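Below are the chains, spelled out letter by letter.
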Amino acid sequence: MKHTLSILLQNEAGALVRVAGLFAARNCNIDSLHVAPTQDPEVSQLTLVMQGAEGTVQQIIEQTRKLVDVIEVSRPVALAHS
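Let me sum up the structure you'll find in this document. (Residues numbered from 1 in each chain as written. Predicted model: local features only at pLDDT ≥ 70, side-chain atom pairs only at ≥ 80, totals over all residues. Heavy atoms only, no water.)

## Focus: the overall build of the protein chain
Okay, so step 1: The number of helices and strands found in the protein chain is 2 helices and 4 strands.
Okay, so step 2: Along the protein chain, helices (α) and strands (β) appear in the sequence β-α-β-β-α-β when read from the amino end.
Okay, so step 3: Taking 82 residues into account, the globule formula puts the C-alpha radius of gyration at 12 Å, and the protein chain, at 13 Å, falls close to it.
Okay, so step 4: Oriented by its inertia axes, the alpha-carbon framework of the protein chain measures out at about 35 × 35 × 20 Å.
Okay, so step 5: Taken over 82 residues, the protein chain has a buried fraction of 29%.
Okay, so step 6: The long-range share in the protein chain, meaning contacts at least 24 apart out of those at least 6 apart in sequence, stands at 65%.
Okay, so step 7: Taken as a whole, the protein chain presents about 5400 Å² of accessible surface, with 53% of it coming from carbon and sulfur.
Okay, so step 8: Charged side chains of the protein chain number 6 positive and 8 negative; the gap between the two group centres comes to 9 Å. (Helix = DSSP H or I, 4+ residues; strand = E, 2+ residues; numbered from the N terminus. Rg over C-alpha atoms; globule rule 2.2 N^0.38 Å. Buried < 20%, exposed > 50% of the residue type's maximum accessible area, 1.4 Å probe, protein only. Contact = heavy atoms within 4.5 Å. Areas by Shrake-Rupley, 256 points an atom, 1.4 Å probe, with all protein chains shown as cover. Lys, Arg positive; Asp, Glu negative; His and termini not counted. Charge placed at Lys NZ, Arg CZ, Asp CG, Glu CD.)

This is the structure:
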């Protein structure tokens, strides 16, 4: 199943590498990755799509929250189309 994660992180050198390294260490591929600036020039918005079991996703979210450069991790709610 595909999962989307939204991550706010400090705009510091190496921050993205640490997040991607966490996924690699858990043998989990990132299907899509987008990084954009926020209104705060010191913070970036990272949106990524991954596939995996719910338990794996929850574990990655908890471990991502422990990274020093990460401010917040959330899972955007998918909107149903009518």
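## Some points on helix H1 (residues 15-25)
Okay, so step 1: Turning to H1, its buried residues are Ala-15, Val-19, Leu-22 and Phe-23. End-on, the buried residues of H1 take up no more than an arc of 95 degrees, which puts them together on one face. For H1, the exposed residues lying more than 90 degrees away from the buried face are Val-17, Ala-24 and Ala-25.
Okay, so step 2: Here the buried face of H1 lies against strand E1 (2-10), strand E2 (30-37), strand E3 (43-51), helix H2 (54-65) and strand E4 (70-74).
Okay, so step 3: The first or second residue beyond H1 is Asn-27, which carries a positive phi of 55 degrees. (Arc of directions from axis to C-beta.)

## A few points about the nonpolar core
Okay, so step 1: If you look at the biggest cluster of nonpolar residues, it comprises 16 residues, and the most contacted ones within it are Leu-5, Ile-7, Phe-23, Leu-48 and Met-50.
Okay, so step 2: Those elements that provide at least two residues to this core are E1, H1, E3, H2 and E4.
Okay, so step 3: Among the elements that line this core, the one with the most residues is H1, at 4 residues.
Okay, so step 4: Not counting residues up to four positions away in its chain, the partners in contact with Met-50 are Met-1, Lys-2, His-3, Leu-5, Phe-23, Cys-28, Asn-29, Asp-31, Val-57 and Ile-60. (Core = buried A, V, L, I, M, F, W, Y, C linked by side-chain atoms within 4.5 Å.)

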